[in-house]
Amino acid sequence: AQKMGEEGTQEDSYESTTFAMDTVMTFHIVAPDGEDLLIDAEQEVKRLEKLFSVTDEDSDIEQINDNAGDKAVTVSADTLALLKAGKQLGKATNNAFDMAIYPIVKAWGFTENEYTIPTQETLDELLPLTKVSNVTIDEDASTVYLEKEGMAVDLGGIAKGYASDKLAELLKKKGVKSAWLSLGGNVCAIGTKPDGSPWRIAVQNPADENDYVGVVEISDACAVTSGGYQRYFEENGKKYHHIIDPATGKPAESGLTSVTIICKDGTKADALSTALYVMGLDDALAYWKTQDDFEVIFVTEDGEVVATEGLKDSFTFDGKGNDYTY
Ligand code: ADP
Ligand code: MG
Ligand code: MG
């Protein structure tokens, strides 16, 4: 842990960086006992990583996947809660968020980073195995069952969001009033800065990693970005990224390059950032209009930045050479 000694504050702030869930995480805690709290936070994230990993044979998720089409598996309360949320968000987004997409993600090689373009025949075989309706959750028995052999769940699009919610819950319980947690593309704010002003989060320009398209101010909320630029491979001059359209089994080509969701619920923000990326601008805006608990910042392939109306007071467009609209 590193003591920061924030400018203009008497309070102590502590920061540490760790690697978990296949991503770089930084935790920033303003509290006198911040050093100990950072250790607690790291332990909590490692605990969750062990449950949700798709590479660790003993994880809940690997147990579920290994027993697909065979039998129901008893899982921890966290795994049950996360899968329940994932299933519900899948239904809510008309399956744009599909936590059973793993057979397809594997076929593209995104798990092992051994990329291949699957044939249409392969995709046609695998697509029927991605239906969330075939993920059976028995809450009373604490079991999960994948109905068909070959099915597999992949929580890559939602697990970091859930972890951020659990971390925030833990830290708040321990009395933390001011902190931020960055888990890859997921940033969650606890309270405000020590001076009472909101935390300021830069939204990256998908076309230039050294630039940003604007700054959003949040307190007690999460800002979660999904972008095709975050993980992709190139073949014959074409880019193939890791956000799959569950309708086709191919990387979503929706005209967007990133989607940032602002929402109090980090789990929901994570699933929606993936889902709205798949939907594309028009369908995503139509979906947003039916909901009242999140806001969105879109960046399109043409470099246009569109923010939803609820962000008028908290999002400042800041990049150059882009078109901006609320
Ligand atoms: P990141 O992993 O960069 O944070 P996302 O949160 O958008 O990005 O999640 C993308 C990951 O989720 C992929 O790597 C894959 O494991 C999984 N995934 C891909 N497409 C979907 C989808 N349509 N629904 C649910 N999960 C998906
Ligand atoms: Mg996501
Ligand atoms: Mg993400």
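The structure reproduced in this document is the subject of the present report. Counting starts from 1 at the beginning of each chain's written sequence and moves along it residue by residue. All chains are assigned letters beginning with A, and all ligands numbers beginning with 1, in the order in which they are written. Owing to the predicted nature of the model, reporting of local features is limited to residues with pLDDT of at least 70; listing and counting of side-chain atom pairs is limited to 80 or more, with chain, interface and lining totals taken over all residues. Just so you know, side-chain values use all the structure's heavy atoms and leave hydrogens and water out.

## Considering the overall build of the protein chain
When helices and strands are tallied, the protein chain shows eight helices and 20 strands. The atom set for the radius of gyration is the C-alpha atoms, and the globule formula is 2.2 Å times the number of residues raised to the power 0.38. By the compact-globule yardstick of 20 Å for 326 residues, the protein chain fits well, its C-alpha radius of gyration being 20 Å. Each principal axis of the C-alpha atoms in the protein chain carries an extent, and together these give about 60 × 45 × 35 Å. Any residue under 20% of the maximum accessible area for its type is buried, any over 50% is exposed, and the rest in between are partly exposed; the area is computed with a 1.4 Å probe on protein chains only. Within the span of the protein chain, comprising 326 residues, buried residues form 53% of the whole. Between two residues, a contact is recorded if the distance between any of their heavy atoms is within 4.5 Å. When contacts within the protein chain are restricted to residue pairs at least 6 apart in sequence, long-range pairs at least 24 apart make up 57% of them. Only carbon and sulfur atoms are counted for the fraction: they give 44% of the accessible area of the protein chain, which is about 15,100 Å². Counting rule for charge: Lys and Arg are taken as positive, Asp and Glu as negative, and neither His nor the chain ends is counted. By convention, charge coordinates are those of NZ in Lys, CZ in Arg, CG in Asp, or CD in Glu. Side-chain charges of the protein chain comprise 28 positive and 59 negative groups, with the mean position of each set lying 3 Å from the other. Each helix is a run of DSSP H or I of at least 4 residues and each strand a run of E of at least 2, with the numbering of both proceeding from the N terminus. To be clear on the numbers: accessible area is Shrake-Rupley with a 1.4 Å probe, and residue cover counts the displayed protein chains and nothing else.

## A word on the site of ligand 1
Taken together, 17 residues lie near ligand 1, and Asp 154, Lys 160, Ser 226, Ile 244 and Thr 274 sit nearest. Within the backbone of Gly 157, one N or O atom sits 3.1 Å away from an oxygen atom of ligand 1. Between an oxygen atom of ligand 1 and a side-chain N or O atom of Ser 226, the distance comes to 2.5 Å. Summarising the interface, the protein chains cover 92% of the accessible area of ligand 1, which totals 560 Å² for the free molecule. Built from parts of two domains, the shell around ligand 1 gets at least three residues from each of domain 1 (2-46 + 160-325) and domain 2 (53-157). Any residue with at least one heavy atom within 4 Å of a molecule or strand is counted as near it. Definition of a polar contact: a pair of N or O atoms within 3.5 Å, with one able to donate and the other able to accept a hydrogen when the atoms are protein atoms, and with sequence-neighbouring residues admitted only if both atoms are side-chain atoms. Domain start and stop positions are those given by an automatic or database domain assignment.

## As for the packing of aromatic side chains
The rule is short: rings of Phe, Tyr and Trp, with Trp giving its six-membered ring, pair when the centres are within 6.5 Å, and they are stacked under 30 degrees, edge-to-face over 60, tilted in between. Taken as a whole, this structure holds 11 aromatic pairs when the rule is applied. Ring geometry for Phe 233 versus Tyr 240: centroids 5.2 Å apart, planes at 20°, classification stacked. Take Phe 233 and Tyr 240: they sit in the same class, and that class is buried. Among the aromatic residues, those joined into a ring-pair cluster are Trp 108, Phe 110, Tyr 115, Phe 233 and Tyr 240. Lying over the aromatic face of Tyr 240, Lys 238 brings its terminal NZ or CZ to 5.5 Å of the ring centre. In this scheme, the term charge over a ring applies when either NZ of a lysine or CZ of an arginine sits within 6 Å of the ring centre and within 35 degrees of the ring normal.

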